[in-house]
Amino acid sequence: MYLSASKKRKLSFERFISGKLLRSELQNKKVSRPIVRISVISIALAIVVNLITVAVATGFQKEISEKVSGFGSHIIVTASGDQRIFESDPIRKDQKFIRDLLNTQDIGSVNPVAYKPVILQSEKRDRLQSSQKGDTTYTQQEISGAVLKGVDAQYDLSFFKKHLVSGRLPNLSSPSLSNEIMVSEKIAKDLNLKVGNPVKAFFVKTQPVKREFVLSGIYRTGLEEFDKRMVLGDIRCVQQLNDWGIQASIEISDTLYNGELIVRGDIVGGNGNYLYDWGKGFDSYQGFTICPENDTVIRLVASDFTRDSKGNNVMSSIPDTALLAIKVRGKRTAPCIITTSTSGEISKKPINQTGTQFQINAGEKDLIFQQNQGKGSFQNYVGGFEILVTDWNKLQKIAERVKKKIALIPNEHSESLSVRSIQEDQQDIFVWLGFLDINVVIILTLMILIGIINMGSALFVLILVRSNFIGIMKAMGASDWSIRKIFLYQAGYLILRGMLLGNLIGLTFCILQNRLGIIKLDQAIYYIDKVPINLNLWHILGINILTLVVCLGTLVIPSVVISRINPIKTIKFN
């Protein structure tokens, strides 16, 4: 047998013959052609199903992971303990590890956050028609429990901006405390709220506190567990409400002691055990009596404390300073003759609307007081820090590095810190997402097995149909491996043809679904409103290479039947 080919490329006789045979097989309508078509379709179906399965599974994992991380970041640093960040103890805001982490590779940002449980209330006024008395109105009050998450102006709000339904993000860049909040669409519907509406909020403390916010925006993520409880607001508001640190003020009591005024320190926040410094060092005296004769300013430095193992007082919070300015008008040296009501209360004449400036008549002189409340040390404490990483796939490794860094950096505040990744903090959700990987492996295995079985059957048919050809080739001196290569070339061509068709169909569907959202989902069940698609080049190449290698590798086994064909019998039969 003489075969010729172009000088530019070397053509093996196995490949040449396989091409000739394949064209004849495709024209054979009785046996070979249907089998060839079935094998090509099976490979195409396997590629289509595998591409869609991997794209949907990874897309679903990516969407849910991004949503969960959007609510709670990738890595969370809180005070040590089993508490979640919603209930964590406060830690100091000025941590040494922040600058070090920001200079670390794979760390995107480090932001302080704070949380506070809240009960939201709204009012809806409707009119009732009455034939006798005319229209009447009634007020319907709605309440909803939630958690107020406080963030600062540097916090990355791109996640909430992406899922914004109406309105805008809260303005957190103002120097003054912002009263704007953003709630989910579910909370807004439950409370009959619209953008711009006032929202009453009640916070549980030693004494219940009522605040009024303005609704700036409404978001919807589809994660109902988070949507129904998460409210976004200013971190300064949460810091105040949590009574972190202390805030000091100097008060004038409403009663007298031995005819003199009682000056006392009024402290809020902290652990309830306070020390007072009136200018002579810290002690437990809350106040003293006074009858001012000259203009003066009284200063109070206060802090809360705990006792160490030796019984010594140790300050717990950053001290706060309050001032009380006193001006004397009239006869300065005159004794304080202060009239009181029948119940023994002093009459205070307010000078300003806030009541921080007031006047007391003391007989022949008037005393004018100006209270300057301490700024408080609450702004120096946060509930924790949220860390964003630049590579989600390295999350666990980065979290371990962060743990080591924080453990090695000295904590000058003697605070014990805990570092958790979002996968640890929301373990139930991520374990559930992990099961998708098992499903993907099962589907990939089944579809490749189907392709192998169909291609194996097609190869057997091709071999049996060409048994006389095999006998002639053996009689001419061709080796069994050369003949097997001829049929493997045919099978490889059919596999590639099926793969090309499968990629065309699968990728077209994925692109259309990604852009148009053809297949919808129930967001209440699946957390998303359409089937998610994540097209990754490495996933596509991996599926195609795996299919080609596995199918061709397994087809080597059925091709062994060629070695058992007797050339004498097949030629005689022909």
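That block above? That's the structure.
Everything in this summary refers to the structure shown in the same document.

Analysis parameters
Residues numbered from 1 in each chain as written. Predicted model: local features only at pLDDT ≥ 70, side-chain atom pairs only at ≥ 80, totals over all residues. Heavy atoms only, no water. Helix = DSSP H or I, 4+ residues; strand = E, 2+ residues; numbered from the N terminus. Expected span 1.5 Å × (residues − 1). Buried < 20%, exposed > 50% of the residue type's maximum accessible area, 1.4 Å probe, protein only. Arc of directions from axis to C-beta. Polar contact = N/O pair within 3.5 Å; in protein donor to acceptor, adjacent residues only side chain to side chain. Salt bridge = Lys/Arg side-chain N within 4 Å of Asp/Glu carboxyl O. Phe/Tyr/Trp six-rings, centres within 6.5 Å; stacked < 30°, edge-to-face > 60°. Patch = residues over 30% accessible without salt bridge, like charges linked within 9 Å, V, L, I, M, F, W, Y side chains within 5 Å. Areas by Shrake-Rupley, 256 points an atom, 1.4 Å probe, with all protein chains shown as cover. Core = buried A, V, L, I, M, F, W, Y, C linked by side-chain atoms within 4.5 Å. Contact = heavy atoms within 4.5 Å. Pairing = 2+ DSSP bridges. Axes fitted to C-alpha atoms, helices over the stretch in contact; angles between N-to-C directions. 1 Å grid on protein atoms, 1.4 Å probe; cavity = no way out; pocket = protein on both sides within 12 Å on 5 of 7 lines; lining within 4 Å. Points joined across faces, edges and corners; volume = space filled by probe spheres on them. Nonpolar A, V, L, I, M, F, W, Y, C, P; charged D, E, K, R; others polar.

### Quick word on helix α14 (residues 537-555)
Turning to step 1, where the next piece is worked out: Between its terminal C-alpha atoms α14 stretches 27 Å, which fits the 27 Å expected from 19 residues at 1.5 Å a residue.
Turning to step 2, where the next piece is worked out: Taken as a whole, α14 has its buried residues at Ile540, Ile543, Asn544, Thr547, Cys551 and Leu555. Along the long axis of α14, the arc covered by the buried residues comes to 90 degrees, so they all point the same way. Opposite the buried face of α14, at more than 90 degrees from it, the exposed residues are Leu537, Trp538, Ile545 and Val549.
Turning to step 3, where the next piece is worked out: N-capping of α14 is provided by asparagine 536, with a side-chain oxygen placed 2.8 Å from the backbone N of tryptophan 538.

### Quick notes on the pattern of salt bridges
Turning to step 1, where the next piece is worked out: Per the stated rule, a full pass over the model turns up 15 salt bridges.
Turning to step 2, where the next piece is worked out: When the shortest N-O distance is used, the salt bridge between glutamate 180 and arginine 168 registers 2.6 Å. Residue glutamate 180 is located in strand β6 (residues 180-184), and its partner arginine 168 is located in the loop between β5 (164-167) and β6; the two are separated by 12 residues in the primary sequence.
Turning to step 3, where the next piece is worked out: The buried category is assigned to glutamate 180, whose relative accessible area is 14%.
Turning to step 4, where the next piece is worked out: Its relative accessible area of 42% is what places arginine 168 among the partly exposed residues.
Turning to step 5, where the next piece is worked out: In this structure, aspartate 234 engages arginine 236 in a salt bridge whose closest nitrogen and oxygen atoms are separated by 2.7 Å.
Turning to step 6, where the next piece is worked out: A relative accessible area of 3% means that aspartate 234 is categorised as buried.
Turning to step 7, where the next piece is worked out: What emerges from the salt-bridge pattern is a single network uniting Asp295, Arg329 and Arg332.

### Comments concerning the packing of aromatic side chains
Turning to step 1, where the next piece is worked out: Throughout the structure, instances matching the rule amount to 11 aromatic pairs.
Turning to step 2, where the next piece is worked out: Summarising the aromatic geometry, the rings of phenylalanine 97 and phenylalanine 385 are spaced 5.6 Å apart at their centres and angled 85 degrees between planes, so their arrangement reads as edge-to-face. Pair noted here: phenylalanine 97 is in helix α3 (residues 97-102) and phenylalanine 385 is in strand β22 (residues 384-389), with a separation of 288 residues, a long-range link. We note that phenylalanine 97, like phenylalanine 385, is buried.

### A short note on a nonpolar patch on the surface
Turning to step 1, where the next piece is worked out: A contiguous nonpolar surface patch, about 760 Å² in accessible area, is contributed by Val431, Trp432, Phe435, Ile438, Ile442, Leu446, Leu449 and Ile453.
Turning to step 2, where the next piece is worked out: Here isoleucine 438 falls in the partly exposed class, since its relative accessible area comes to 46%.

### What to know about the nonpolar core
Turning to step 1, where the next piece is worked out: Formed by 70 residues in total, the largest nonpolar core has its most connected members in Ile75, Leu120 and Val402.
Turning to step 2, where the next piece is worked out: Ignoring anything within four residues of it in the chain, the contact list for valine 402 reads Ile75, Leu101, Ile107, Ile387 and Val419.
Turning to step 3, where the next piece is worked out: Grouped together as the second largest cluster of nonpolar side chains are 26 residues, Ile250, Ile252, Val263 and Ile290 included.

### Here's the deal with the sheet that holds strand β11 (residues 260-269)
Turning to step 1, where the next piece is worked out: With antiparallel pairing, 3 strands are arranged side by side in an open sheet as β10-β11-β14. Edge strands, defined here as strands with exactly one partner in the open sheet, are β10 (246-257) and β14 (287-290). Averaged over all pairs of adjacent strands, the angle between strand axes in this sheet comes to 25 degrees, irrespective of strand direction.

### Quick look at empty space enclosed by the protein
Turning to step 1, where the next piece is worked out: Counted under the stated rule, the structure contains 2 cavities of 30 Å³ or more.
Turning to step 2, where the next piece is worked out: Within this model, the second largest cavity holds a volume of roughly 50 Å³.
Turning to step 3, where the next piece is worked out: Taken together, the residues of the lining of the second largest cavity break down into 7 nonpolar, 3 polar and no charged.

### With respect to unusual backbone geometry
Turning to step 1, where the next piece is worked out: The phi torsion at asparagine 192 lies on the positive side, around 55 degrees, for a residue other than glycine.
Turning to step 2, where the next piece is worked out: Position of asparagine 192 among the secondary structure elements: in the loop between α5 (185-190) and β7 (198-203).
Turning to step 3, where the next piece is worked out: Overall, asparagine 192 belongs to the partly exposed group, its relative accessible area being 35%.
Turning to step 4, where the next piece is worked out: You will see that asparagine 258, though not glycine, has its phi angle at about 55 degrees, which is positive.
Turning to step 5, where the next piece is worked out: Relative to the helices and strands, asparagine 258 resides in the loop between β10 and β11.

### As for the pairing of strand β12 (residues 274-277)
Turning to step 1, where the next piece is worked out: Taking every second residue as pointing to the same face, both faces of β12 are buried, with Tyr274 and Tyr276 on one and Leu275 and Asp277 on the other.
Turning to step 2, where the next piece is worked out: Inspection of the sheet shows β12 paired to strand β15 (residues 296-307) by 4 bridges, in the antiparallel sense. Looking at β15, one finds that tyrosine 276 is bridged to alanine 302.
Turning to step 3, where the next piece is worked out: With 2 bridges connecting them, β12 and strand β13 (residues 282-283) associate as antiparallel partners. Directly across from tyrosine 276, in β13, lies its bridge partner aspartate 283.
Turning to step 4, where the next piece is worked out: Hairpin remark: β12 followed by β13, antiparallel, with 4 residues in the connecting loop; positive phi at glycine 279, about 120 degrees.

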